[in-house]
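Listed below, chain by chain, are the residues.
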Amino acid sequence: MNPSSHIALIGAGIAGLSCATALQQAGLEVILFDKSRGPGGRMSTRRGDDWQCDHGAQYFTARHAEFRAEVGRWQQAGVAGLWAPKISMFDGDSPDQRESTVERFVGIPTMTAPARYLASTLAVHARTNIEQLRHQAHGWQIFSAEQGWLETRFAAVLLAVPAPQAVPLLQQAAPDLADLAGGAVMRGCWALMLRFAAPVELPFDAAFVNHGPLRWLARNSSKAGRSGEETWLLHACADWSEAHLEEDSESVAVALLSAFGQLGGPAPRDWTVHRWRYADTEPALHEGCAWRPDIGLGLCGDWLNGGKVEGAWLSGRTLAEQVLRSFAGC
């Protein structure tokens, strides 16, 4: 392998974007593929006529020095900033106001902004669903549902997708990595986006909920840069989401709206439901990443590094470092 080799990176969430950025800065040619309409993964925002709502990751922390420096760059670029919401905790029906010392950051003007900022200098092929990998003497080939086998041969293939989506791609090429991914238990999460004609009169901007179907609720409009109608986001807890993962959107919305009402929330003017099939990993793995230098195949993602946005970014950066060490020795 040499510094001009092409690398295929499947998945344009924060882990994939972090990895691709580091590799490209080192002089390698990286092509990203993602089945979604754009980059970001679970750092996602839904938009409609005069409304927007972050319905995936709600905020991120920055404790590691490298990631903190990266967030500083995002802040300088105007795509991230601090969020200091009034936070409550529901252990019963009455909220307990909590003073938080945790620094919470959000994308500005939406949670997708940092991902779009990273992707702006990368070659990202959106709406491309990779279904097969084939390792041959002259490199890797990848097969997409939209284009079939791509002509480009890749010196390495890196997967930055949820563990269950990685398994079928790895089973033939690297059974050991397939076993690693297969051992990660990822759980779903139902998200309900609420729209209101006027500001909601609740004494908090966000709350953790420790009973019933809900786990988290937040006044999306309290985050910097948000515009349009008042919007709130409700996240169901993992156990409830898993138990109701295949139910229809209407019944899910009815249950979550009822729980919101019991916490003092009013009925919305309108709502939208989204199902995250792979929202978190329980228990979280702490492998960091995985890299097979003998065949040029690697894995990164939040599911390999404790979960969360920070874990995803660090996982991608760690994989890039391992790939670069391998390339330097060739």
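Please refer to the structure placed before this passage.
Residues numbered from 1 in each chain as written. Predicted model: local features only at pLDDT ≥ 70, side-chain atom pairs only at ≥ 80, totals over all residues. Heavy atoms only, no water.

Colleague: Any chance you could break down the overall build of the protein chain for me, citing the residues and the numbers?
Modeller: A tally of regular secondary structure across the protein chain gives eight helices and 20 strands. Counting the 330 residues in the protein chain, one finds 55% classified as buried. Contacts spanning at least 24 positions in sequence make up 68% of the contacts within the protein chain whose residues lie at least 6 apart. Across the protein chain, 28 positive and 35 negative side-chain charges occur, with their mean positions spaced 4 Å apart. (Helix = DSSP H or I, 4+ residues; strand = E, 2+ residues; numbered from the N terminus. Buried < 20%, exposed > 50% of the residue type's maximum accessible area, 1.4 Å probe, protein only. Contact = heavy atoms within 4.5 Å. Lys, Arg positive; Asp, Glu negative; His and termini not counted. Charge placed at Lys NZ, Arg CZ, Asp CG, Glu CD.)

Colleague: Please set out the sheet that holds strand E19 (residues 290-292) residue by residue, giving values where relevant.
Modeller: Read across the open sheet, the six strands follow the order E9-E2-E1-E13-E20-E19; overall the sheet is mixed. What marks the edges here is a single partner per strand, and that holds for strand E9 (123-125) and E19. Strand-to-strand twist of the sheet, defined as the mean angle between neighbouring strand axes without regard to direction, takes the value 20°. Pairing geometry for strand E1 (residues 6-10) and strand E13 (residues 156-159), over four bridges, is parallel. Paired with Ile10 across the two strands is Leu159, which belongs to E13. Sitting on the sheet, helix H1 (residues 14-25) is in contact with E1, strand E2 (29-33) and E13, with an inclination near 165° to E2. (Pairing = 2+ DSSP bridges. Axes fitted to C-alpha atoms, helices over the stretch in contact; angles between N-to-C directions.)

Colleague: With reference to specific residues and values, describe the nonpolar core.
Modeller: For soluble globular proteins, nonpolar side chains are generally found buried alongside one another. Within the largest apolar cluster, 59 residues are counted, with the highest numbers of intra-cluster contacts made by Ile14, Leu23, Phe60, Trp74 and Leu158. Broken down by element, the residue count for this core peaks at eight residues, all from helix H8 (residues 308-328). Non-local contacts of Leu158, meaning those with residues more than four positions away in its chain, are made with Ile7, Ala8, Leu9, Ile10, Cys19, Leu23, Trp291, Gly298, Leu319 and Val323. By size, the runner-up hydrophobic cluster in this structure holds 31 residues, among which are Trp140, Ala181, Ala184 and Leu285. (Core = buried A, V, L, I, M, F, W, Y, C linked by side-chain atoms within 4.5 Å.)

Colleague: Lay out the packing of H1 against H8 with the relevant residues and their values.
Modeller: Relative to each other, H1 and H8 sit at 35°, their axes nearing to 7 Å. In this structure, the crossing between H1 and H8 has a hand that is right-handed. Residue-level inspection shows Ile14, Ala15, Ser18, Cys19, Ala22 and Leu23 of H1 in contact with H8, the latter providing Val309, Ala312, Trp313, Gly316, Arg317, Leu319, Ala320, Val323 and Leu324. In the contact of H1 with H8, the residues fall into 12 nonpolar, two polar and one charged. (Left-handed = near helix turned anticlockwise from the far one by under 90°. Nonpolar A, V, L, I, M, F, W, Y, C, P; charged D, E, K, R; others polar.)

Colleague: Let's hear about the pairing of E2: which residues, and what values?
Modeller: Counting buried positions over the five residues of E2 gives four, a clear majority of the element. Summarising the sheet, E1 and E2 pair through five bridges and their orientation is parallel. Across the sheet, Ile10 pairs through a bridge with Phe33, a residue of E2. Traced from E1 through H1 to E2, the parallel crossover comes out right-handed. The pairing of E2 with E9 spans three bridges and is parallel. Paired with Phe33 across the strands is His125, a residue of E9. (Right-handed = clockwise from strand over helix to strand, strands pointing away.)

Colleague: Give a detailed account of the sheet that holds strand E12 (residues 148-149), specifying residues and quantitative values.
Modeller: Judged by pairing direction, the sheet is antiparallel, and its three strands sit side by side in the order E10-E11-E12 without closing on themselves. Every interior strand has two partners, whereas the edge strands, strand E10 (130-136) and E12, have only one. Where E10 lies against strand E11 (residues 139-144), six bridges are found, and the strand directions are antiparallel. Opposite Leu133, over in E11, you have Ile142 as the bridge partner.

Colleague: With reference to specific residues and values, describe the pattern of salt bridges.
Modeller: For the coordinates displayed, the defined rule picks out 14 salt bridges. Residues Arg42 and Asp302 are paired through a salt bridge, measuring 2.7 Å at the closest nitrogen-oxygen approach. Within this pair, whereas Arg42 is found in the loop between E2 and strand E3 (45-48), its partner Asp302 is found in the loop between strand E20 (297-299) and H8, the two being separated by 260 residues in sequence. Given a relative accessible area of 24%, Arg42 falls into the partly exposed group. By relative accessible area, Asp302 is classed as buried at 12%. Across the pair Arg187 and Asp280 runs a salt bridge whose closest N-O atoms are separated by 2.7 Å. One end of the pair, Arg187, is in strand E14 (residues 186-196); the other, Asp280, is in strand E18 (residues 270-281), with 93 residues separating them in the sequence. (Salt bridge = Lys/Arg side-chain N within 4 Å of Asp/Glu carboxyl O.)

Colleague: Summarise the packing of aromatic side chains; cite the residues concerned and give the values.
Modeller: Tallied over the full model, the rule gives 14 aromatic pairs. Counting every residue linked through ring pairs, the aromatic cluster contains Phe60, Phe67, Trp74, Phe105 and Trp313. Stacked on the ring of Tyr59, the Lys or Arg Arg104 has its end atom at 4.9 Å from the ring centre. Sitting over the face of the ring of Trp83, Lys223 holds its NZ or CZ atom 5.0 Å from the ring centroid. (Phe/Tyr/Trp six-rings, centres within 6.5 Å; stacked < 30°, edge-to-face > 60°. Lys NZ or Arg CZ within 6 Å of the ring centre and 35° of its normal.)

Colleague: How would you explain unusual backbone geometry if you had to name every residue and give the values?
Modeller: Residue Pro109 is bonded to the preceding Ile108 through a cis peptide linkage, with omega at 10°. Pro283 follows Glu282 through a cis peptide bond whose omega is 0°. Along the chain, the position of Pro283 falls in the loop between E18 and E19. Despite not being glycine, Arg127 shows a phi value in the positive range, around 55°.

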